[in-house]
Amino acid sequence: MEWFTKFPTMDADSLRDLKKTIDEGFRGFTRAYGDGIESIFQPLQHFLIWSERFMTKTPWPIILLLIALVAWFASRNWKIVAGTVVTLLLIGYFDMWDDTMKTVSMIFVCTVLSIVIGIPIGILMSRSDRVQNAINPILDVMQTMPSFVYLIPVVMLLGIGKVPGLIAVVIYAIPPMIRLTNLGIRLVDKDVLEAADAFGSSSWQKLKNVQMPLALPTIMAGINQTIMMALAMVVIASMIGVQGLGQPVLKAISNQYFTLGIFNGLAIVGIAIIFDRVSQAFGARLQKHREIIHG
(Lines give C-alpha, C1' and ligand atoms only; values in the text may rest on other atoms or scores of the structure.)
Protein backbone atom coordinates (compact mmCIF):
# COMPACT_ATOMS: atom_id res chain seq x y z
CA MET A 1 0.00 0.00 0.00
CA GLU A 2 3.02 2.32 -0.23
CA TRP A 3 1.72 3.70 -3.54
CA PHE A 4 -1.39 4.88 -1.67
CA THR A 5 0.46 6.81 1.09
CA LYS A 6 3.51 8.02 -0.83
CA PHE A 7 3.16 9.97 -4.06
CA PRO A 8 4.99 8.27 -6.98
CA THR A 9 8.03 10.27 -8.04
CA MET A 10 10.68 10.11 -10.70
CA ASP A 11 13.72 8.06 -9.86
CA ALA A 12 16.28 10.19 -7.98
CA ASP A 13 19.08 9.47 -10.46
CA SER A 14 16.84 10.24 -13.46
CA LEU A 15 15.65 13.47 -11.87
CA ARG A 16 19.22 14.53 -11.10
CA ASP A 17 20.31 13.73 -14.66
CA LEU A 18 17.38 15.73 -16.07
CA LYS A 19 18.20 18.78 -13.96
CA LYS A 20 21.88 18.47 -14.84
CA THR A 21 21.09 18.25 -18.56
CA ILE A 22 18.88 21.37 -18.43
CA ASP A 23 21.47 23.32 -16.41
CA GLU A 24 24.32 22.37 -18.73
CA GLY A 25 22.22 23.21 -21.78
CA PHE A 26 21.42 26.67 -20.42
CA ARG A 27 25.07 27.26 -19.48
CA GLY A 28 26.12 26.25 -22.98
CA PHE A 29 23.54 28.64 -24.47
CA THR A 30 24.83 31.42 -22.20
CA ARG A 31 28.45 30.86 -23.22
CA ALA A 32 27.57 30.70 -26.92
CA TYR A 33 25.12 33.59 -27.19
CA GLY A 34 25.49 35.63 -23.98
CA ASP A 35 27.81 38.25 -25.53
CA GLY A 36 25.57 38.65 -28.58
CA ILE A 37 22.45 39.05 -26.45
CA GLU A 38 24.26 41.57 -24.25
CA SER A 39 25.24 43.67 -27.28
CA ILE A 40 21.57 43.82 -28.34
CA PHE A 41 20.73 45.60 -25.09
CA GLN A 42 23.51 48.20 -25.37
CA PRO A 43 21.14 50.97 -26.62
CA LEU A 44 18.85 50.20 -23.70
CA GLN A 45 21.77 50.57 -21.32
CA HIS A 46 22.68 53.96 -22.82
CA PHE A 47 19.06 55.12 -22.51
CA LEU A 48 18.94 54.04 -18.85
CA ILE A 49 22.26 55.71 -18.04
CA TRP A 50 21.17 58.94 -19.76
CA SER A 51 17.86 58.97 -17.89
CA GLU A 52 19.55 58.36 -14.53
CA ARG A 53 22.16 61.05 -15.13
CA PHE A 54 19.48 63.54 -16.12
CA MET A 55 17.45 62.86 -12.97
CA THR A 56 20.42 62.89 -10.59
CA LYS A 57 22.65 65.58 -12.12
CA THR A 58 19.98 68.18 -12.88
CA PRO A 59 19.50 70.62 -9.95
CA TRP A 60 16.68 69.45 -7.71
CA PRO A 61 14.49 72.59 -8.09
CA ILE A 62 14.37 72.05 -11.86
CA ILE A 63 13.46 68.37 -11.46
CA LEU A 64 10.81 69.27 -8.88
CA LEU A 65 9.35 71.88 -11.24
CA LEU A 66 9.34 69.46 -14.19
CA ILE A 67 7.57 66.76 -12.17
CA ALA A 68 5.02 69.32 -10.91
CA LEU A 69 4.37 70.47 -14.50
CA VAL A 70 3.90 66.88 -15.68
CA ALA A 71 1.49 66.25 -12.78
CA TRP A 72 -0.46 69.41 -13.67
CA PHE A 73 -0.75 68.72 -17.40
CA ALA A 74 -1.79 65.11 -16.70
CA SER A 75 -4.29 65.75 -13.90
CA ARG A 76 -5.21 69.48 -14.03
CA ASN A 77 -5.71 69.11 -10.29
CA TRP A 78 -3.89 71.44 -7.89
CA LYS A 79 -4.38 69.02 -4.98
CA ILE A 80 -2.50 66.30 -6.81
CA VAL A 81 0.26 68.74 -7.81
CA ALA A 82 0.57 70.02 -4.22
CA GLY A 83 0.66 66.45 -2.87
CA THR A 84 3.36 65.54 -5.39
CA VAL A 85 5.53 68.51 -4.45
CA VAL A 86 5.11 67.98 -0.69
CA THR A 87 5.91 64.27 -1.00
CA LEU A 88 9.08 64.93 -2.99
CA LEU A 89 10.17 67.69 -0.59
CA LEU A 90 9.78 65.30 2.35
CA ILE A 91 11.72 62.60 0.52
CA GLY A 92 14.52 65.06 -0.19
CA TYR A 93 14.49 66.42 3.37
CA PHE A 94 15.14 62.91 4.72
CA ASP A 95 18.16 62.53 2.40
CA MET A 96 16.63 60.09 -0.10
CA TRP A 97 16.55 62.37 -3.15
CA ASP A 98 19.29 60.68 -5.21
CA ASP A 99 17.97 57.17 -4.60
CA THR A 100 14.45 58.34 -5.42
CA MET A 101 15.57 59.90 -8.70
CA LYS A 102 17.37 56.67 -9.64
CA THR A 103 14.19 54.74 -8.93
CA VAL A 104 12.06 57.23 -10.90
CA SER A 105 14.44 56.99 -13.88
CA MET A 106 14.27 53.19 -13.75
CA ILE A 107 10.45 53.26 -13.62
CA PHE A 108 10.37 55.78 -16.48
CA VAL A 109 12.54 53.59 -18.72
CA CYS A 110 10.60 50.44 -17.76
CA THR A 111 7.29 52.15 -18.52
CA VAL A 112 8.48 53.45 -21.90
CA LEU A 113 9.81 50.01 -22.82
CA SER A 114 6.60 48.31 -21.65
CA ILE A 115 4.50 50.71 -23.75
CA VAL A 116 6.69 50.26 -26.85
CA ILE A 117 6.53 46.46 -26.56
CA GLY A 118 3.14 45.96 -24.92
CA ILE A 119 0.84 48.09 -27.08
CA PRO A 120 1.78 46.45 -30.43
CA ILE A 121 1.38 42.98 -28.87
CA GLY A 122 -1.98 44.02 -27.41
CA ILE A 123 -3.11 45.36 -30.80
CA LEU A 124 -2.02 42.10 -32.46
CA MET A 125 -3.98 40.08 -29.87
CA SER A 126 -7.08 42.23 -30.38
CA ARG A 127 -7.07 41.54 -34.12
CA SER A 128 -6.71 37.76 -33.91
CA ASP A 129 -8.34 35.24 -31.56
CA ARG A 130 -5.66 32.73 -32.47
CA VAL A 131 -2.87 35.08 -31.39
CA GLN A 132 -4.79 35.89 -28.20
CA ASN A 133 -5.17 32.21 -27.36
CA ALA A 134 -1.45 31.67 -27.96
CA ILE A 135 -0.22 34.65 -25.90
CA ASN A 136 -2.66 34.43 -22.97
CA PRO A 137 -0.99 31.33 -21.42
CA ILE A 138 2.40 33.07 -21.64
CA LEU A 139 0.98 36.10 -19.85
CA ASP A 140 -0.54 33.80 -17.21
CA VAL A 141 2.88 32.30 -16.53
CA MET A 142 4.52 35.74 -16.42
CA GLN A 143 1.99 37.00 -13.87
CA THR A 144 2.06 33.94 -11.61
CA MET A 145 5.78 33.17 -11.69
CA PRO A 146 7.47 34.18 -8.40
CA SER A 147 9.34 37.42 -9.00
CA PHE A 148 12.65 36.02 -7.70
CA VAL A 149 12.63 33.39 -10.45
CA TYR A 150 12.91 36.09 -13.14
CA LEU A 151 16.33 37.01 -11.81
CA ILE A 152 17.93 33.58 -12.39
CA PRO A 153 18.01 33.37 -16.23
CA VAL A 154 18.59 37.10 -16.62
CA VAL A 155 21.63 37.05 -14.31
CA MET A 156 23.02 33.92 -15.97
CA LEU A 157 22.72 35.55 -19.41
CA LEU A 158 23.75 39.14 -18.66
CA GLY A 159 25.37 39.10 -15.23
CA ILE A 160 24.65 41.60 -12.47
CA GLY A 161 23.85 45.21 -13.30
CA LYS A 162 21.25 47.74 -14.34
CA VAL A 163 20.20 46.19 -17.65
CA PRO A 164 19.49 42.70 -16.24
CA GLY A 165 17.45 44.33 -13.49
CA LEU A 166 15.60 46.44 -16.05
CA ILE A 167 14.75 43.38 -18.16
CA ALA A 168 13.51 41.49 -15.09
CA VAL A 169 11.31 44.44 -14.09
CA VAL A 170 9.86 44.79 -17.60
CA ILE A 171 9.07 41.07 -17.85
CA TYR A 172 7.31 41.24 -14.49
CA ALA A 173 5.41 44.47 -15.22
CA ILE A 174 4.41 44.23 -18.89
CA PRO A 175 1.46 41.73 -18.79
CA PRO A 176 -1.16 44.33 -17.64
CA MET A 177 -0.09 46.62 -20.49
CA ILE A 178 -0.67 43.86 -23.04
CA ARG A 179 -3.90 42.55 -21.53
CA LEU A 180 -5.60 45.93 -21.10
CA THR A 181 -4.59 47.13 -24.57
CA ASN A 182 -6.18 44.00 -26.01
CA LEU A 183 -9.26 44.39 -23.81
CA GLY A 184 -9.71 48.11 -24.54
CA ILE A 185 -9.65 47.61 -28.31
CA ARG A 186 -11.98 44.60 -28.15
CA LEU A 187 -14.51 46.58 -26.06
CA VAL A 188 -14.92 49.32 -28.67
CA ASP A 189 -18.58 49.46 -29.69
CA LYS A 190 -19.24 47.51 -32.89
CA ASP A 191 -21.72 50.16 -34.05
CA VAL A 192 -18.90 52.70 -34.05
CA LEU A 193 -16.74 50.35 -36.11
CA GLU A 194 -19.60 49.78 -38.56
CA ALA A 195 -19.98 53.54 -38.94
CA ALA A 196 -16.25 53.81 -39.65
CA ASP A 197 -16.59 51.07 -42.28
CA ALA A 198 -19.54 52.92 -43.81
CA PHE A 199 -17.34 55.98 -44.29
CA GLY A 200 -14.75 53.87 -46.08
CA SER A 201 -12.08 53.72 -43.36
CA SER A 202 -9.24 51.29 -43.85
CA SER A 203 -8.11 48.94 -41.06
CA TRP A 204 -5.26 51.28 -40.17
CA GLN A 205 -7.56 54.32 -40.12
CA LYS A 206 -10.06 52.51 -37.88
CA LEU A 207 -7.29 51.54 -35.49
CA LYS A 208 -5.66 54.98 -35.41
CA ASN A 209 -8.75 57.21 -35.47
CA VAL A 210 -11.42 55.09 -33.76
CA GLN A 211 -10.22 52.10 -31.75
CA MET A 212 -7.11 53.57 -30.11
CA PRO A 213 -8.76 56.85 -28.99
CA LEU A 214 -11.75 54.98 -27.54
CA ALA A 215 -9.53 52.38 -25.87
CA LEU A 216 -7.16 55.00 -24.43
CA PRO A 217 -8.72 55.10 -20.91
CA THR A 218 -8.33 51.32 -20.64
CA ILE A 219 -4.79 51.52 -21.99
CA MET A 220 -4.04 54.17 -19.37
CA ALA A 221 -5.26 51.76 -16.71
CA GLY A 222 -2.76 49.24 -18.11
CA ILE A 223 0.03 51.82 -17.87
CA ASN A 224 -1.00 52.53 -14.27
CA GLN A 225 -0.83 48.85 -13.35
CA THR A 226 2.50 48.44 -15.15
CA ILE A 227 4.00 51.30 -13.12
CA MET A 228 2.69 49.81 -9.86
CA MET A 229 4.13 46.38 -10.65
CA ALA A 230 7.46 47.89 -11.68
CA LEU A 231 7.67 49.70 -8.35
CA ALA A 232 6.86 46.46 -6.55
CA MET A 233 9.78 44.81 -8.36
CA VAL A 234 12.30 47.55 -7.48
CA VAL A 235 13.30 46.06 -4.12
CA ILE A 236 13.75 42.57 -5.58
CA ALA A 237 15.72 43.88 -8.57
CA SER A 238 18.12 45.62 -6.13
CA MET A 239 19.49 42.13 -5.41
CA ILE A 240 21.15 42.14 -8.85
CA GLY A 241 22.54 45.65 -8.78
CA VAL A 242 19.62 47.98 -9.55
CA GLN A 243 20.31 51.20 -7.69
CA GLY A 244 17.67 53.30 -6.02
CA LEU A 245 15.37 52.99 -3.06
CA GLY A 246 15.43 49.20 -3.22
CA GLN A 247 19.06 48.87 -2.13
CA PRO A 248 18.62 50.61 1.26
CA VAL A 249 15.55 48.43 1.89
CA LEU A 250 17.57 45.32 1.07
CA LYS A 251 20.37 46.55 3.34
CA ALA A 252 17.87 47.17 6.12
CA ILE A 253 16.51 43.63 5.77
CA SER A 254 20.02 42.13 5.84
CA ASN A 255 21.22 44.15 8.83
CA GLN A 256 17.92 44.69 10.69
CA TYR A 257 18.01 48.48 10.30
CA PHE A 258 14.39 49.25 11.15
CA THR A 259 14.39 53.01 10.48
CA LEU A 260 16.35 52.75 7.22
CA GLY A 261 13.87 50.19 5.88
CA ILE A 262 10.80 52.14 7.01
CA PHE A 263 12.00 55.49 5.59
CA ASN A 264 12.93 54.07 2.17
CA GLY A 265 9.83 51.90 2.11
CA LEU A 266 7.67 54.95 2.75
CA ALA A 267 9.53 56.78 -0.02
CA ILE A 268 8.62 53.96 -2.43
CA VAL A 269 5.01 54.21 -1.24
CA GLY A 270 5.08 57.98 -1.82
CA ILE A 271 6.40 57.58 -5.36
CA ALA A 272 3.79 54.88 -6.04
CA ILE A 273 0.99 57.17 -4.83
CA ILE A 274 2.25 60.01 -7.04
CA PHE A 275 2.36 57.80 -10.13
CA ASP A 276 -1.00 56.25 -9.29
CA ARG A 277 -2.88 59.51 -8.68
CA VAL A 278 -1.41 61.29 -11.70
CA SER A 279 -2.04 58.40 -14.12
CA GLN A 280 -5.54 57.80 -12.75
CA ALA A 281 -6.41 61.49 -13.06
CA PHE A 282 -5.14 61.49 -16.64
CA GLY A 283 -7.22 58.40 -17.41
CA ALA A 284 -10.28 60.05 -15.85
CA ARG A 285 -9.75 63.13 -18.02
CA LEU A 286 -9.58 60.92 -21.10
CA GLN A 287 -12.77 59.14 -20.02
CA LYS A 288 -14.61 62.45 -19.59
CA HIS A 289 -13.39 63.56 -23.00
CA ARG A 290 -14.70 60.31 -24.49
CA GLU A 291 -18.10 60.77 -22.81
CA ILE A 292 -18.41 64.33 -24.12
CA ILE A 293 -17.46 63.38 -27.68
CA HIS A 294 -19.31 60.08 -27.96
CA GLY A 295 -21.81 60.16 -25.10
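The name that an unreviewed UniProt entry assigns to the protein is ABC transporter permease subunit, with the source organism given as Shinella zoogloeoides. Under the Subcellular location (unreviewed entry) heading, UniProt states for the protein: "Cell membrane". Under the UniProt heading Sequence similarities (unreviewed entry), the entry covering the protein gives this text: "Belongs to the binding-protein-dependent transport system permease family."

1. Observations concerning the packing of helix 7 (residues 129-144) against helix 10 (residues 175-186)
Direction vectors running N to C along helix 7 and helix 10 enclose 150°, while the axes themselves pass 10 Å from each other. For helix 7 against helix 10, the interelement crossing comes out left-handed. Where helix 7 abuts helix 10, its residues Asp129, Gln132, Asn136, Leu139, Asp140, Met142 and Gln143 lie against Pro175, Pro176, Ile178, Arg179, Asn182 and Arg186. A breakdown of the residues in the contact of helix 7 with helix 10 according to their chemical character gives five nonpolar, four polar and four charged.

2. Quick notes on the nonpolar core
Among the nonpolar cores identified, the biggest contains 65 residues, and Leu88, Leu166, Met212, Ile219 and Met233 are the most heavily contacted of them. The biggest single contributor to this core is helix 12 (residues 203-237), with 14 residues.

3. Focus on the packing of aromatic side chains
Scanning the entire structure with this criterion turns up seven aromatic pairs. Measuring from ring centre to ring centre gives 6.1 Å for Phe47 and Phe108, while their planes differ by 65°; the resulting arrangement is edge-to-face. Remark: Phe108 occurs in helix 6 (residues 97-126) and Phe47 occurs in helix 3 (residues 42-57); sequence separation between them is 61 residues. Phe47 sits in the partly exposed class, given a relative accessible area of 29%.

4. Quick look at unusual backbone geometry
Although it is not a glycine, Arg76 sits at a positive phi angle of roughly 55°. When you line up the elements, Arg76 lands in the loop between helix 4 (60-75) and helix 5 (78-93). Notably, Asp95 is not glycine yet its phi reads approximately 60°, a positive angle. Within the element layout of this structure, Asp95 appears in the loop between helix 5 and helix 6. Exposure remark for Asp95: the relative accessible area of 70% places this residue in the exposed category.

Scoring rules and cut-offs
- Residues numbered from 1 in each chain as written.
- Predicted model: local features only at pLDDT ≥ 70, side-chain atom pairs only at ≥ 80, totals over all residues.
- Heavy atoms only, no water.
- UniProt positions renumbered as here; feature names shortened; annotations may be inferred.
- Axes fitted to C-alpha atoms, helices over the stretch in contact; angles between N-to-C directions.
- Helix = DSSP H or I, 4+ residues; strand = E, 2+ residues; numbered from the N terminus.
- Left-handed = near helix turned anticlockwise from the far one by under 90°.
- Contact = heavy atoms within 4.5 Å.
- Nonpolar A, V, L, I, M, F, W, Y, C, P; charged D, E, K, R; others polar.
- Core = buried A, V, L, I, M, F, W, Y, C linked by side-chain atoms within 4.5 Å.
- Buried < 20%, exposed > 50% of the residue type's maximum accessible area, 1.4 Å probe, protein only.
- Phe/Tyr/Trp six-rings, centres within 6.5 Å; stacked < 30°, edge-to-face > 60°.

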